Structures are given as structure tokens and as C-alpha cells.
Amino acid sequence: MTRNDTFLKILFAIEVALVPMVIFAYLFLPEWSMGIFVAGILLTKIWVELFKNKLNKTHVIMIAVGNIFIFTTLLIFFIVQNLINMPLAIVVIVLIWLFNILNVLMRNKTMPDIISAVDYCYVLFEILTLIAFTFLVFSSLVTYIGLYAILLTTAVSVVYKIYFEIRYDSIFDKMFKRKRK
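Since the structure is predicted, the reported quantities are computational estimates derived from the model, not experimental observations.

## Some details on the overall build of the chain
Turning to step 1, where the next piece is worked out: Scanning the chain for helices and strands turns up seven helices and zero strands.
Turning to step 2, where the next piece is worked out: Expected size for 181 residues packed as a compact globule is a radius of gyration near 16 Å; at 17 Å, the chain falls within 12% of this value.
Turning to step 3, where the next piece is worked out: With respect to the three principal axes, the spread of C-alpha positions in the chain is 60 × 40 × 25 Å.
Turning to step 4, where the next piece is worked out: With 181 residues in all, the chain has 44% of them scored as buried.
Turning to step 5, where the next piece is worked out: When the accessible surface of the chain is totalled, it reaches about 10200 Å², and 73% of it is carbon and sulfur.
Turning to step 6, where the next piece is worked out: Side chains of the chain give 16 positive and 10 negative charges; the mean places of these two sets differ by 11 Å.

Shown next as C-alpha cells:
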């Protein structure tokens, strides 16, 4: 384990530990204080993106678990508090799950440049949405823009990755030991 691995694991732990603090701040402190903890998640997310190694299996799994946990928890909490639209948030949650699961399963596959660019766009829109969550109690417009951007980028990426698996290198063929004709 290198120093970079340890630092990434510490950042991951901080990132995940701040999620319950967002909920605590919204429920027990003034509403604006929630943004402080979301900003902490945002900063650790940026540091995680800087120090990750895309070829390291542990890093890919940790980032996927972190993304799923953070966005699922925050979106469900904001649905319960009537801060965002429920159908939109549920679709975004499902697409985030699919996107991250496919990233873990297809981590060693070489994707076309356009899909790699879409995956980087997802990270940028994820950061935009965390910035928007920081100010969610004041205005939800930027949050909806971020959620629609995540919805579009994950939809494109998920559809292409499923097409890629079906068309070229199916996981199912390997699971059932079938050969392509």
C-alpha cells in the first residue's frame, strides 16, 4: 500500500462521514449550515478525483461506493424534505447506480474517446451538483440543472456501455462460458 492509497482511503472516509453531518445540520442547526458540510463533501470529492488511480481496482470500487452512497443518501433526504422533485431524483439515483456498477465491471475495458469524455463530464456534473446542494435551501434552479446534466450524461454512458457489452464483449458470455458466433 502506497502513501497515495492511504491518503485516498482517508479522503473516502471523510467524504462518507460528512453525509450524516449534512442531515444533522439540516435537522438541528439553521438550514444554511447544511451547506458547510456539503462543501466539505465537495472538497474531499475534488481531492479524491485528483489522487485516484483509474487502474487500481480498490480505487475504482471505493469511488463507486462513495458516489452511490453520497448521492443516494442526499437525494433521498432532499426528496423527504420536499426540496427536489421525486421522479427526477429516483431516475438519477437509478442511473448513478448503473453508471458506477458498469464502471466497476468494465474498468479494464478500453472505451471510445467519446465515452471517456462523457464519463469525465459526469464527474464535472457531479461536482456541479454538489455545489448546487450547498445552496439548495436558497434556490433549487442550479440543483435541477445539475440533476438533468447527470441524468443525460449517465444515460448516454450507461446505454453505450450496455450496447458495448452486448455487441462486442459480453459479460454474460463469460459467465455462462458461451462462445460468440
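Now that the structure has been shown, the text picks up again.
## Considering helix α4 (residues 86-105)
An α-helical turn contains 3.6 residues, so a residue and the one three or four places further along point in the same direction.
Turning to step 1, where the next piece is worked out: The terminal C-alpha atoms of α4, which comprises 20 residues, lie 29 Å apart, in line with the 28 Å expected from a rise of 1.5 Å per residue.
Turning to step 2, where the next piece is worked out: For α4, every residue scored as buried is listed here: L88, A89, V92, I93, L95, I96, F99, N100, L102 and V104.
Turning to step 3, where the next piece is worked out: Along its buried surface, α4 packs onto α3 (57-80), α5 (113-134) and α6 (141-167).

## Overview of a nonpolar patch on the surface
Turning to step 1, where the next piece is worked out: There is a patch of nonpolar side chains on the surface, built from F7, L43, I46, W47 and L50 and spanning about 480 Å² of accessible area.
Turning to step 2, where the next piece is worked out: Here the nonpolar patch gets four residues from one element, more than from any other, and that element is helix α2 (residues 34-51).
Turning to step 3, where the next piece is worked out: Along the chain, the position of L43 falls in helix α2.

## A short note on the environment of V94
Turning to step 1, where the next piece is worked out: Mapped onto the secondary structure, V94 falls in helix α4.
Turning to step 2, where the next piece is worked out: Take V94: its relative accessible area is 46%, and that puts it in the partly exposed class.
Turning to step 3, where the next piece is worked out: Considering only alpha carbons, one finds V94 and L151, 57 residues apart in sequence, at a separation of 9.6 Å.

## Some remarks on the confidence of the model for the chain
Turning to step 1, where the next piece is worked out: Residues at a pLDDT of 70 or more form 91% of the chain, whose mean pLDDT is 82.
Turning to step 2, where the next piece is worked out: Looking over the chain, one finds the lowest element-wise mean pLDDT in helix α7 (residues 171-175), namely 59, and the highest in α4, namely 90.

## Topic: empty space enclosed by the protein
Turning to step 1, where the next piece is worked out: Following the criterion strictly, the structure yields one cavity of 30 Å³ or more and no others.
Turning to step 2, where the next piece is worked out: Each pocket or cavity is described by its volume, and for the largest cavity that value is around 50 Å³.
Turning to step 3, where the next piece is worked out: Together, L8, F12, E15, K45, V48, E49, M62, I63 and N67 line the largest cavity.
Turning to step 4, where the next piece is worked out: Elements with a minimum of two residues in the lining of the largest cavity: α1 (3-28), α2 and α3.
Turning to step 5, where the next piece is worked out: Counted by class, the lining of the largest cavity contains five nonpolar, one polar and three charged residues.

## Considerations on unusual backbone geometry
Turning to step 1, where the next piece is worked out: Of note in the backbone geometry, N82 takes a positive phi value of approximately 60° without being a glycine.
Turning to step 2, where the next piece is worked out: Note on placement: N82 falls in the loop between α3 and α4.

## Considerations on the side chain of T72
Turning to step 1, where the next piece is worked out: Within the secondary structure layout, T72 lies in helix α3.
Turning to step 2, where the next piece is worked out: Here the side chain of T72 touches W97 through a polar contact of 3.0 Å, side chain to side chain.
Turning to step 3, where the next piece is worked out: Leave out the neighbours within four places in its chain, and T72 touches N67, I93 and W97.

Calculation rules
- Residues numbered from 1 in each chain as written.
- Predicted model: local features only at pLDDT ≥ 70, side-chain atom pairs only at ≥ 80, totals over all residues.
- Heavy atoms only, no water.
- Helix = DSSP H or I, 4+ residues; strand = E, 2+ residues; numbered from the N terminus.
- Rg over C-alpha atoms; globule rule 2.2 N^0.38 Å.
- Buried < 20%, exposed > 50% of the residue type's maximum accessible area, 1.4 Å probe, protein only.
- Areas by Shrake-Rupley, 256 points an atom, 1.4 Å probe, with all protein chains shown as cover.
- Lys, Arg positive; Asp, Glu negative; His and termini not counted.
- Charge placed at Lys NZ, Arg CZ, Asp CG, Glu CD.
- Expected span 1.5 Å × (residues − 1).
- Contact = heavy atoms within 4.5 Å.
- Patch = residues over 30% accessible without salt bridge, like charges linked within 9 Å, V, L, I, M, F, W, Y side chains within 5 Å.
- Salt bridge = Lys/Arg side-chain N within 4 Å of Asp/Glu carboxyl O.
- pLDDT = per-residue confidence, 0-100.
- 1 Å grid on protein atoms, 1.4 Å probe; cavity = no way out; pocket = protein on both sides within 12 Å on 5 of 7 lines; lining within 4 Å.
- Points joined across faces, edges and corners; volume = space filled by probe spheres on them.
- Nonpolar A, V, L, I, M, F, W, Y, C, P; charged D, E, K, R; others polar.
- Polar contact = N/O pair within 3.5 Å; in protein donor to acceptor, adjacent residues only side chain to side chain.

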